[in-house]
Amino acid sequence: MLQKEKILQQADMHVGVRIKIARKLKHISQTKLAEHLGVSFQQVQKYENGKNRISASKLAAAADLLGVTPAFFFADGQAPAGLDGNIDDESAKLIELMSNEDALALNLYYAKIENPEVRRSVLNLVQDLAAAESQQNLHI
């Protein structure tokens, strides 16, 4: 794959993840988004997975339905991070994580916790669970 194609594919993946995040935050199904865009729900899946590139007009229509500006799909209105072709492993994991329904729900519920001490306790719990699982995997 040419470097230019790789950069474009990364941009498509970034936009797709942002579409998925906005859709889930608004509790809108892929079917409803597809109907609004005049495409199949399978096409929406391909947009969200970065397999197919979404046109500017469909991106604007998606933004309208999802209640965001088109700039939302390009983090803070800027071009996606990593468009130099170098998405590091941590950024790739974060993009994948934020497209996971359970991870998104966990973050939404975490954001509702106002008490900083409770937030810190939740973070410590998750860190302890991750460390314990990592140790368990080392002994298998």
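Our structure is the block above this text.
A quick note: this is a predicted structure, and the numbers were derived from the prediction, not measured.

Q: Please explain the overall build of the protein as it appears in this structure.
A: Of the regular secondary structure elements, the protein holds 7 helices and 0 strands. At a minimum sequence separation of 6, the contacts of the protein that also span at least 24 residues come to 59%.

Q: Help me understand the side chain of Gln30, please; the structure alone is not making it clear to me.
A: Along the chain, Gln30 turns up in helix H2 (residues 30–37). Here Gln30 is in contact with Arg23, Phe41, Val44, Gln45 and Glu48, once residues within four sequence places are set aside.

Q: Teacher, can you tell me more about the packing of aromatic side chains here?
A: What characterises a pair of aromatic rings is the spacing of the ring centres plus the angle enclosed by the ring planes. Applying the stated criterion to the full structure yields 1 aromatic pair. Considering the side-chain rings of Phe72 and Phe73, the 5.6 Å spacing of their centres and the 80° angle between planes classify their relative orientation as edge-to-face. Above the ring of Phe72, the side-chain terminus of Arg18 is found at 4.2 Å from the ring centroid.

Q: How should the packing of H2 against helix H3 (residues 41–48) be read in this particular structure?
A: Helix packing geometry: the angle between the two helix axes and the distance between the axes. Where H2 contacts H3, the axes come no closer than 8 Å and their chain directions differ by 100°. By the angle class used here, H2 and H3 are roughly perpendicular. Across from Gln30, Thr31, Leu33, Ala34 and Leu37 in H2, the residues of H3 making contact are Phe41, Val44, Gln45, Tyr47 and Glu48. Tallied by class, residues from the contact of H2 with H3 come to 6 nonpolar, 3 polar and 1 charged.

Q: When you look at the pattern of salt bridges in this model, what are you seeing that I'm missing?
A: Pairing is possible between side chains of opposite charge, provided their charged atoms come close. With the rule as written, the count across this model stands at 2 salt bridges. A salt bridge links Arg53 to Asp12; its shortest N-O distance comes to 3.1 Å. Separated by 41 residues along the polypeptide, Arg53 in the loop between H3 and helix H4 (56–66) and Asp12 in helix H1 (residues 3–25) bring together distant segments of the chain. Classification of Asp12 by relative accessible area gives buried; the value is 14%.

Q: Looking at this structure, how should I read the nonpolar core?
A: The nonpolar side chains of a soluble globular protein tend to be buried, and buried together. Ranked by internal contacts, the top residues of the largest apolar core, which has 15 residues, are Ile19, Leu33, Ile54 and Phe73. At the level of elements, H1, H2, H3 and H4 are the ones that each hand at least two residues to this core. Here this core takes 4 residues from H4, the largest share from any one element. What Leu33 contacts, discounting residues up to four positions off in sequence, is Ile19, Arg23, Ile28, Val44, Ala62 and Leu65.

Procedures and definitions
Residues numbered from 1 in each chain as written. Predicted model: local features only at pLDDT ≥ 70, side-chain atom pairs only at ≥ 80, totals over all residues. Heavy atoms only, no water. Helix = DSSP H or I, 4+ residues; strand = E, 2+ residues; numbered from the N terminus. Contact = heavy atoms within 4.5 Å. Phe/Tyr/Trp six-rings, centres within 6.5 Å; stacked < 30°, edge-to-face > 60°. Lys NZ or Arg CZ within 6 Å of the ring centre and 35° of its normal. Axes fitted to C-alpha atoms, helices over the stretch in contact; angles between N-to-C directions. Parallel < 35°, antiparallel > 145°, perpendicular 65-115°, else oblique. Nonpolar A, V, L, I, M, F, W, Y, C, P; charged D, E, K, R; others polar. Salt bridge = Lys/Arg side-chain N within 4 Å of Asp/Glu carboxyl O. Buried < 20%, exposed > 50% of the residue type's maximum accessible area, 1.4 Å probe, protein only. Core = buried A, V, L, I, M, F, W, Y, C linked by side-chain atoms within 4.5 Å.

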